Amino acid sequence: MTQVVAAHDNGCLSIYDYNSNKVVKQINEAHKDGISSLLFSNSGLHLITGCHDGSIKVWDIRTLQSIGEAKLAHGRKYDEGVLCLQTHPTVPFFASGGADSTVNIYELYV
């Protein structure tokens, strides 16, 4: 099954089956505020989400459970927090950019 993940401004995540276009799982209150960005890890085993409240979460895509969180990764500015996420192409690191004009780099333990 091929899955597509959608992030919502109400803080929930929806996982769709690409072939049937149906929601197969919904994570209500994945974040406390709107989700501003999401990204799959290079391995495809983790989903990383960033939120307007400045938090970042790492999810195990197999169980859809949060396995890590940086609650204050970025400060809020104009009701924005995390603006973007990006993985490194060859090593298990990812970066986040925020409305607070900072870039943070994290190691993704796999």
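Anyway, here's the lowdown on the structure attached to this text. Just so you know, these numbers come straight off a predicted model, no measurement behind them.

Quick word on unusual backbone geometry
Part 1 of the argument: A positive phi angle, close to 60 degrees, is found at Asn21, a residue other than glycine.
Part 2 of the argument: With phi around 55 degrees, Glu29 is a residue other than glycine that occupies positive phi space.
Part 3 of the argument: You can see Glu29 is positioned in the loop between β3 (22-27) and β4 (35-40).
Part 4 of the argument: The class for Glu29 is exposed, based on a relative accessible area of 70%.

A look at the environment of Ala73
Part 1 of the argument: Along the chain, the position of Ala73 falls in the loop between β7 (65-70) and β8 (82-87).
Part 2 of the argument: The spacing of Ala73 and Asn104 is 31 residues in sequence and 7.6 Å in space, taken between C-alpha atoms.
Part 3 of the argument: Excluding anything up to four places from it in sequence, Ala73 contacts Gly54, Ile56, Asp100, Asn104 and Tyr106.

Let's talk about a nonpolar patch on the surface
Part 1 of the argument: Nonpolar side chains collect at one region of the surface, where Val91, Phe93, Val103 and Ile105 lie side by side and expose about 370 Å² of accessible area between them.
Part 2 of the argument: As for its placement among the helices and strands, Val91 is situated in the loop between β8 and β9 (93-98).

Considering the pattern of salt bridges
Part 1 of the argument: Under the criterion given, the structure shown has one salt bridge.
Part 2 of the argument: Arg62 is the partner of Asp60 in a salt bridge, and the nearest nitrogen-oxygen pair spans 3.2 Å.
Part 3 of the argument: Residue Asp60 is classed as buried on the basis of its relative accessible area, which comes to 12%.
Part 4 of the argument: Its relative accessible area of 58% is what places Arg62 among the exposed residues.

Details of the pairing of strand β2 (residues 13-17)
Part 1 of the argument: Counting buried residues along β2, four of its five residues qualify, which places the element largely inside the surrounding structure.
Part 2 of the argument: Here strand β1 (residues 3-7) runs beside β2; their pairing, made up of five bridges, is antiparallel. The partner of Val4 across the bridge, within β2, is Tyr16.
Part 3 of the argument: Hairpin connection between β1 and β2: a loop of five residues separates the two successive antiparallel strands, and Gly11 in this loop has a positive phi of roughly 90 degrees.
Part 4 of the argument: Judged from the five bridges that link them, β2 and β3 form a sheet pairing that is antiparallel. Note on β3: the bridge partner recorded for Ile15 is Lys25.

Basis of the calculations
- Residue indices follow the written sequence of each chain, beginning from 1 at its first position.
- It should be noted that, the model being predicted, local features are given only for residues of pLDDT at least 70 and side-chain atom pairs only at 80 or more, the latter also being counted only at that level, while totals for whole chains, interfaces and linings use all residues.
- Based on all heavy atoms of the structure, the side-chain values leave hydrogens and waters out of the count.
- Under the DSSP-based scheme used, a helix requires at least four consecutive residues in state H or I and a strand at least two consecutive residues in state E, with every element numbered from the N terminus.
- Buried residues are those whose accessible area, probed at 1.4 Å on protein chains only, stays under 20% of the maximum for their type, while exposed residues exceed 50% and partly exposed ones sit between those limits.
- Any two residues whose heavy atoms approach within 4.5 Å are treated as being in contact.
- Patch members must show over 30% relative accessible area and no salt bridge, and they are joined within 9 Å when carrying like charges or within 5 Å when they are nonpolar side chains of Val, Leu, Ile, Met, Phe, Trp or Tyr.
- Note on areas: these come from Shrake-Rupley sampling with a 1.4 Å probe, and a residue is covered only by the protein chains present in the view.
- Salt bridges are counted wherever a side-chain nitrogen of Lys or Arg sits within 4 Å of a carboxyl oxygen of Asp or Glu.
- Any two strands with at least two DSSP bridges between them are considered paired.

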